[in-house]
Amino acid sequence: QVRLVESGGGLVQTGGSLRLSCAASGRAISNYAMGWFRQAPGKERDFVAAIHWNLRSTTYADSVKGRFTISRDNTRIFLGYLEMNNLEPDDTAVYYCAAAPRWYDPPRSIDYTYWGQGTQVTVSS
């Protein structure tokens, strides 16, 4: 059994920054791709960013390119981060970390096997 736990969400003003973390426990999934998705109230869950387990590939949604950076620490089983800068009110959502057994580009939520419970990010105007 794999459990993903996100942390680092909160309330921030427009233009501010947050750093989300994602850590896994349970079965080793170090060779899984890591993805971040988000879901705003009344909307579908959307892709945000993903990183290959070997760190050689990353991909971002157009809406966050240049503002968000995904990274991971491969000294741990499954540990990663989403650095979010210059936040906008449209970034307000619950952010989910997820793990996929292979690299998908473009990533789709259906391709991801394990999910965290989500962390709320609220950007005030």
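Report on the accompanying structure.

A complete count under the given rule lists one disulfide for this structure. Disulfide pairing is shown between C22 and C97; the S-S distance is 2.0 Å. The sign of the -75 degrees torsion about the S-S bond sets the C22-C97 disulfide as left-handed. In this pair, C22 is assigned in strand 3 (residues 18–26) and C97 in strand 9 (residues 93–100), connecting sequence segments 75 residues apart. With a relative accessible area of 0%, C97 lands in the buried category.

A word on the pattern of salt bridges. If you walk through the whole model with that rule in mind, you get six salt bridges. For R38, the salt bridge identified is with D91, shortest N-O distance 2.9 Å. One end of the pair, R38, is in strand 4 (residues 33–39); the other, D91, is in the loop between strand 8 (79–84) and strand 9, with 53 residues separating them in the sequence. The same class applies to R38 and to D91, which are both buried. The salt bridge partner of R67 is D91, with a shortest N-O separation of 2.7 Å. Here the residue R67 occupies a position in the loop between strand 6 (58–60) and strand 7 (68–72), and D91 occupies one in the loop between strand 8 and strand 9, the gap between them amounting to 24 residues. Like D91, R67 is buried. Here the residues in one salt-bridge network are R38, R67, E88 and D91, joined through shared partners.

What follows covers the sheet that holds strand 7. Spatial ordering of the open sheet is given by 1-3-8-7, a layout of four strands whose pairing is antiparallel. The sheet terminates laterally at strand 1 (2–7) and strand 7, the two strands that pair on one side only. Sheet twist, expressed as the average angle between the axes of neighbouring strands with direction ignored, equals 15 degrees. Strand direction decides the pairing type here: strand 3 and strand 8, joined by six bridges, are antiparallel. Within the sheet, the bridge partner assigned to S21 lies in strand 8 and is Y81.

Parameters at a glance
- Residues numbered from 1 in each chain as written.
- Predicted model: local features only at pLDDT ≥ 70, side-chain atom pairs only at ≥ 80, totals over all residues.
- Heavy atoms only, no water.
- Disulfide = S-S within 2.5 Å.
- Helix = DSSP H or I, 4+ residues; strand = E, 2+ residues; numbered from the N terminus.
- Buried < 20%, exposed > 50% of the residue type's maximum accessible area, 1.4 Å probe, protein only.
- Salt bridge = Lys/Arg side-chain N within 4 Å of Asp/Glu carboxyl O.
- Pairing = 2+ DSSP bridges.
- Axes fitted to C-alpha atoms, helices over the stretch in contact; angles between N-to-C directions.

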